[in-house]
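One-letter residues, chain by chain:
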Amino acid sequence: MADKKKKPKRIKRKLLDKYRLMVLNENTFEERLSFKLTRLNVFVFMSLLAIFLITLTYLLIAFTPLREYIPGYSSTALKKKATELSYKTDSLQRVIRLNDRYYESIKKVLKGDVNTVDFNKDSIIQAVKLEVSEVDLNPIAEDSLLREKVDKEDKYNLFESATSTTNFVLFPPVSGTISEPYNAKEKHYAIDVVVAKDTPVKAAADGIVIFAEWTANTGNVIIIEHSHGLISVYKHNASLTKSQGDLVKSGEVIATVGSTGELSTGPHLHFELWNDGFPINPTNFIDFE
C-alpha cells in the first residue's frame, strides 16, 4: 500500500521538479541566458506550440492560394473555368455534329448518291381530301369582322404593295440544247445543256458559294446555297470566277462552260437543283431554250 501511494507522489515530483536551462559561452564559460523550467511547463509549451502550428497550417491551406499546390484541392476560379469549358465543349460538339450532317449532304450532292422515293399520287390526294373534310371551314364572327376591317383599309390605301406573288424566281444559268434530261431512275439528277465553250455560266438565284473546287470526275465544280433550302450545282466548268464564301446575285457570272473532268464528253453544263437534300428537275422551274 505504501508503494502505491508513493508512485503518484513520485510522478508529481518529477513533473514539478525545477530545472535550469543555461546558455554559456564555450570559450569563457560566461552565462548568456538562463531559464527555469519544469517538465510540466515544457509539456504545456510544446502542446501549445503544436496546436498553434496546426491552426496556422490549416488557415494557410483553407484561405490562401497555397491550397492550389496541394493535390486534391482546387480553387473556385478553376472550378468556374472548368464548368465554362464543359459548356463550351458541349456546344462545339453540337456545332460539329450539325456541320458533319451538312457536309454529308454536300457529299451526296457531289456524288449523286440519293435514294429516290416513289409516292402514290392517288393516295396523297385522297389523304388531303380526308383531312380537308374533317376541318370546319366556316368563318367565325371574329374572322368576318377582321376581313371587313382589312378590306376597308385596303380600299383607301394609296400605297398598296406592288410586289409579285412569286417570291422566288430562278434564272437560267445558260441557254442551249438539253443533251441529256433529268432521269431519277438512272440516277442522273441533273440536265446537261450543250453550249459553246467559254460561254458565261450565271447564278440561278441569289446565294452564297459553299463549294468551288476541282474534282477528278466532274472538273471545276461550283455549288451555291440559296434561300428556301435550295442548292444549285454547276459542273464541268472551264474556269471559276467565284470562290467559296462569295455572295452572288441572280444572273451574275460565276464560271465559264468547259469540258473538264473524266466524265465529260464535250463542252456542256451539268446543272443540278436540290431542295432540302432531295434532287428536283430543273426544267420544271427554268426554261433553258
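Because the structure is a prediction, the values reported are computed rather than measured.

**Student:** What am I meant to see in the confidence of the model for the protein here?
**Tutor:** When pLDDT is low, close inspection of the predicted coordinates is not appropriate. For the protein, the mean per-residue pLDDT works out to 80, and 78% of the residues sit at or above 70. Confidence drops under pLDDT 50 across residues 158-166; counting only partners more than four residues distant or on other chains, this segment forms zero contacts.

**Student:** Before we go on, may I ask you to explain the pattern of salt bridges in this structure?
**Tutor:** Close approach of charged atoms allows side chains of opposite charge to pair. Evaluation of the coordinates by the stated rule reveals three salt bridges. Between Glu272 and Lys235 there is a salt bridge, with its nearest N and O atoms 3.1 Å apart. Here Lys235 lies in strand β8 (residues 230-240) and Glu272 lies in strand β11 (residues 268-275), a separation of 37 residues in the sequence. An identical accessibility class is assigned to Glu272 and Lys235; each is buried. Notably, a salt bridge pairs Glu252 with Lys242, separated by 2.6 Å at the nearest N-O pair.

**Student:** Looking at this structure, how should I read the pairing of strand β7 (residues 219-225)?
**Tutor:** Along any regular strand the residues' side chains alternate between the sheet's two faces. Judged by how many residues are buried, β7 sits mostly within the fold: six of seven residues are covered. As judged from the seven bridges shared by strand β6 (residues 207-215) and β7, these two strands associate in the antiparallel manner. Along β7, the bridge assignment pairs Glu213 with Val221. Connecting β6 to the next strand, β7, in antiparallel fashion are three residues. The pairing of β7 with β8 spans five bridges and is antiparallel. Each bridged residue has a counterpart across the sheet, and for Ile222 the counterpart in β8 is Tyr234. Two successive antiparallel strands, β7 and β8, enclose a turn made up of four residues, where His228 displays a positive phi of approximately 60°.

**Student:** Quick question: what am I supposed to make of a nonpolar patch on the surface here?
**Tutor:** The grouping of Val42, Phe45, Met46, Leu49, Phe52, Leu53, Leu56, Leu60 and Leu66 at the surface amounts to a nonpolar patch, some 820 Å² of accessible area in total. Relative to the helices and strands, Met46 is located in helix α2 (residues 39-63). We classify Met46 as partly exposed; its relative accessible area is 46%.

**Student:** Would you mind showing me how to read the nonpolar core here?
**Tutor:** Core analysis: the largest hydrophobic core is formed by 24 residues, its most contacted members being Val174, Val201, Ile224, Tyr234, Ile254 and Phe271. Elements represented by at least two residues in this core include exactly β4 (191-194), β6, β7, β8, β10 (253-257) and β11. In this view, Val174 contacts Val193, Val195, Pro200, Val201, Val257, Leu269 and Phe288; residues no more than four positions away in its chain are not counted. Counting residues in each nonpolar core, the second largest holds nine residues, with Ile210, Phe211, Ile231 and Val233 among its members.

**Student:** For this particular structure, what's the right way to read unusual backbone geometry?
**Tutor:** Glycine aside, a negative phi is what most residues show, and trans is what most peptide bonds show. The backbone of Asp198 shows a phi angle near 70°, a positive value even though the residue is not glycine. In this fold, Asp198 is placed in the loop between β4 and β5 (200-202). Unusually for a residue other than glycine, His236 sits at a positive phi of about 65°. As for its placement among the helices and strands, His236 is situated in strand β8.

Criteria and cut-off values
Residues numbered from 1 in each chain as written. Predicted model: local features only at pLDDT ≥ 70, side-chain atom pairs only at ≥ 80, totals over all residues. Heavy atoms only, no water. pLDDT = per-residue confidence, 0-100. Contact = heavy atoms within 4.5 Å. Salt bridge = Lys/Arg side-chain N within 4 Å of Asp/Glu carboxyl O. Helix = DSSP H or I, 4+ residues; strand = E, 2+ residues; numbered from the N terminus. Buried < 20%, exposed > 50% of the residue type's maximum accessible area, 1.4 Å probe, protein only. Pairing = 2+ DSSP bridges. Patch = residues over 30% accessible without salt bridge, like charges linked within 9 Å, V, L, I, M, F, W, Y side chains within 5 Å. Areas by Shrake-Rupley, 256 points an atom, 1.4 Å probe, with all protein chains shown as cover. Core = buried A, V, L, I, M, F, W, Y, C linked by side-chain atoms within 4.5 Å.

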